[in-house]
Amino acid sequence: MDINLIIFGLVTGFSSGFFGIGGGSILIPLLLLANYGMKEAVSISIMQMVFSSIYGSYLNFQKIKNFLRDGIILGIGSSFGGLTSGYFLPKVPDIYLQYLFIAVLLYTIYTLFKAPASTQIVAPRKSVITLIFIGYLVGIFAMSIGIGGSLILLPILVGFLKYDLKVATALGLFFVIFSSFGGFISTSLFGNMLFYEGLIIGVGSLIGVYFGIKIKEKTKSTSYKNFVLILNLLVLIVTIYKTFFD
């Protein structure tokens, strides 16, 4: 089982670095297929995201330094949202969490399909209140279903805040630091965290995230958008299968 968890960490970490996601959209279906319950998968996913998001953001922001302000403000809002999620998670049946996860994936696929692969538009500076409010809503929603929030945040960054797709994914991964850390504390305090499994997968993800970011830097914008859409479609198919047919 430890070998499987390490492999899960490598795959999830690579996906985090390349797609700018916390990794929950990849890791949760893998854990469900490995016969973990939804709430167990959510707790493991949250802990893994702390590892991959911190290291991945360190690598990203060595080259992207002009978006730190918005990332921090969004992150502050998401921390409060993540802290709140631990109150709601035990009260929601597993099946409804899976329905919610499917809805998020459908929303993301639709929005990204309409978005441009690359843009040179300079994003106007948004108010602190707007960014905190967005961060809070995404944080509470994301941590309740075990994802870092970048899947939900990415369409907002590209469609509403007008960020370039690759920059948006880097900012999305930075956002995950705050949401996952808040979710980690909240889930731990409520006694729902699986520390051993989360640690093994988290360490494996450090290796994967390094290579994911390196390959992302060399990928053309049009191809990158297609990869993001394919990822979401695959995750959607696996989750629908596990929810309705398994």
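Parameters and conventions
Residues numbered from 1 in each chain as written. Predicted model: local features only at pLDDT ≥ 70, side-chain atom pairs only at ≥ 80, totals over all residues. Heavy atoms only, no water. UniProt positions renumbered as here; feature names shortened; annotations may be inferred. Helix = DSSP H or I, 4+ residues; strand = E, 2+ residues; numbered from the N terminus. Contact = heavy atoms within 4.5 Å. Areas by Shrake-Rupley, 256 points an atom, 1.4 Å probe, with all protein chains shown as cover. Core = buried A, V, L, I, M, F, W, Y, C linked by side-chain atoms within 4.5 Å. Buried < 20%, exposed > 50% of the residue type's maximum accessible area, 1.4 Å probe, protein only. Phe/Tyr/Trp six-rings, centres within 6.5 Å; stacked < 30°, edge-to-face > 60°. Polar contact = N/O pair within 3.5 Å; in protein donor to acceptor, adjacent residues only side chain to side chain. Salt bridge = Lys/Arg side-chain N within 4 Å of Asp/Glu carboxyl O.

Going by what an unreviewed UniProt entry lists, the protein chain is known as Probable membrane transporter protein and is assigned to Arcobacter porcinus. UniProt, in its Sequence similarities (unreviewed entry) section for the protein chain, records the words "Belongs to the 4-toluene sulfonate uptake permease (TSUP) (TC 2.A.102) family."

Participant: If you had to explain the overall build of the protein chain to someone new, which residues and values would you point to?
Facilitator: Helices and strands together make up the secondary structure of the protein chain, namely ten helices and zero strands. Seen in sequence order, the protein chain has helices and strands lined up from the N terminus as α-α-α-α-α-α-α-α-α-α. For the protein chain, long-range pairs separated by at least 24 residues make up 86% of all intrachain contacts whose partners lie at least 6 apart in sequence. Of the roughly 10,800 Å² of accessible surface on the protein chain, a fraction of 72% belongs to carbon and sulfur atoms.

Participant: Give me the lowdown on the nonpolar core, citing residues and values where you can.
Facilitator: With 61 residues, the main nonpolar core has Leu-31 and Leu-157 as its most contacted residues. Counting residues per element, this core draws most heavily on helix α8 (residues 165-189), which supplies nine residues. Beyond its immediate sequence surroundings of up to four residues, Leu-157 is in contact with Leu-74, Lys-162, Tyr-163, Ala-168, Leu-171 and Gly-172.

Participant: Please set out the environment of Phe-227 residue by residue, giving values where relevant.
Facilitator: With respect to the element layout, Phe-227 can be found in helix α10 (residues 221-244). Here Phe-227 falls in the partly exposed class, since its relative accessible area comes to 39%. Taking the C-alpha atoms as reference points, Phe-227 and Phe-18, 209 residues apart in sequence, are found 9.5 Å from one another. Apart from residues lying up to four places away in sequence, Phe-227 is in contact with Phe-18, Phe-19 and Thr-219.

Participant: I'd like a rundown of the packing of aromatic side chains, residues and numbers included.
Facilitator: Per the stated rule, a full pass over the model turns up nine aromatic pairs. Taken together, a centroid distance of 5.3 Å and an interplanar angle of 65° make the contact between Phe-18 and Tyr-224 edge-to-face. Of this pair, Phe-18 sits in helix α1 (residues 2-19) while Tyr-224 sits in helix α10, and the two are 206 residues apart along the sequence. We note that Phe-18, like Tyr-224, is buried. Plain terms: the ring middles of Tyr-99 and Phe-244 are 5.7 Å apart, the flat faces sit at 20° to each other, and that makes the pair stacked.

Participant: Explain the side chain of Ser-53 to me, using residue names and the numbers behind them.
Facilitator: Relative to the assigned elements, Ser-53 resides in helix α3 (residues 38-60). Ignoring anything within four residues of it in the chain, the contact list for Ser-53 reads Leu-173, Val-176, Ile-177 and Ser-180.

Participant: An account of the UniProt feature "transmembrane region" (unreviewed entry) in the protein chain is needed here, citing residue identities and associated values.
Facilitator: Feature annotation in UniProt assigns "transmembrane region" (unreviewed entry) to the following positions: residues 6-34, 71-89, 96-113, 133-160, 167-187, 193-213 and 225-244. Across residues 6-34 one finds 83% helix and 0% strand; the C-alpha atoms that close the span lie 13 Å apart. The span residues 193-213 is 90% helical and 0% strand by assignment, and the distance between its end C-alpha atoms comes to 28 Å.

Participant: Give me the environment of Ser-127: which residues, what numbers.
Facilitator: The residue Ser-127 is located in the loop between α5 (94-114) and α6 (128-144) in this model. A C-alpha to C-alpha distance of 9.3 Å links Ser-127 and Asp-70, two positions 57 residues apart in sequence. A polar contact is formed between the side chain of Ser-127 and the side chain of Thr-130, at a distance of 2.7 Å.

Participant: Tell me about helix α7 (residues 150-159), and name the residues and values.
Facilitator: An α-helical turn contains 3.6 residues, so a residue and the one three or four places further along point in the same direction. Where burial is concerned, most of α7 is hidden: nine out of the ten residues are buried. Every buried residue of α7 is listed here: Ser-150, Leu-151, Ile-152, Leu-153, Leu-154, Pro-155, Ile-156, Leu-157 and Val-158.

Participant: Break down the pattern of salt bridges for me, with residues and values.
Facilitator: Taken as a whole and assessed by the stated rule, the structure comprises one salt bridge. Here Asp-70 and Arg-69 are joined by a salt bridge, their closest N and O atoms 2.7 Å apart. By relative accessible area, Asp-70 is classed as buried at 9%.

Participant: Give a detailed account of the side chain of Gln-48, specifying residues and quantitative values.
Facilitator: On the secondary structure map, Gln-48 appears in helix α3. For Gln-48, the contacting residues outside a window of four places in its chain are Thr-12, Ser-16, Gly-22, Gly-23, Leu-27, Gly-198, Ile-201, Gly-202 and Ser-205.

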